[in-house]
Amino acid sequence: MLKNKEKNSVVRGIFLIGGWGLGLDRFYEGDKKGGVLSILGWSITFFSFLFLKCSGYETVEGVKNYSDYSPNPLIVLPLIAGAYGLFLIIKKSFRLAKQFENAE
């Protein structure tokens, strides 16, 4: 059977995989501030894609015309934030895997 440290790392990993956008892993660890910041950060990142959408295309006969397409340069900001968030998720998952491996 699994020991307590192994069970803890498995449960934290499940929360990380299933609820990273809601900060469930942080709430489970008792880090309320980190959980709320995780919710705010991912919400800002996701919703900024809606508001910073690219402009300059129009619909012609039901098909989008991209001849005057001009991307919004601010779209880079949520891309950087999302990439950093994914880096943190991968980093934490490796830390949990190491914790599971080193559990005695």
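These figures come from a predicted structure and were not determined experimentally. (Residues numbered from 1 in each chain as written. Predicted model: local features only at pLDDT ≥ 70, side-chain atom pairs only at ≥ 80, totals over all residues. Heavy atoms only, no water.)

## Focus on the environment of Asp25
Here Asp25 is to be found in helix α2 (residues 24-28). Since its relative accessible area comes to 5%, Asp25 is described here as buried. With 14 residues separating them along the chain, Asp25 and Val11 place their C-alpha atoms 8.7 Å apart. Among residues more than four places away in sequence, those in contact with Asp25 are Arg12, Phe15, Leu16, Gly19, Trp20 and Lys92. In terms of polar contacts, Asp25 uses its side chain to reach the side chain of Lys92, at 2.7 Å. (Helix = DSSP H or I, 4+ residues; strand = E, 2+ residues; numbered from the N terminus. Buried < 20%, exposed > 50% of the residue type's maximum accessible area, 1.4 Å probe, protein only. Contact = heavy atoms within 4.5 Å. Polar contact = N/O pair within 3.5 Å; in protein donor to acceptor, adjacent residues only side chain to side chain.)

## Some remarks on the pattern of salt bridges
Enumeration over the complete set of coordinates arrives at 2 salt bridges. Residues Lys92 and Asp25 are paired through a salt bridge, measuring 2.7 Å at the closest nitrogen-oxygen approach. Residue Lys92 is located in helix α4 (residues 76-102), and its partner Asp25 is located in helix α2; the two are separated by 67 residues in the primary sequence. Classification of Lys92 as buried rests on a relative accessible area of 8%. The network of salt bridges with shared partners includes Asp25, Glu29 and Lys92. (Salt bridge = Lys/Arg side-chain N within 4 Å of Asp/Glu carboxyl O.)

## Examining the environment of Leu24
Checked against the element boundaries, Leu24 lands in helix α2. The class for Leu24 is partly exposed, based on a relative accessible area of 33%. Separated by 12 residues in the primary sequence, Leu24 and Arg12 place their C-alpha atoms 8.8 Å from one another. When neighbours within four sequence positions are excluded, Leu24 is seen to be in contact with Phe15 and Gly19.

Keep in mind these values describe shape, not function.
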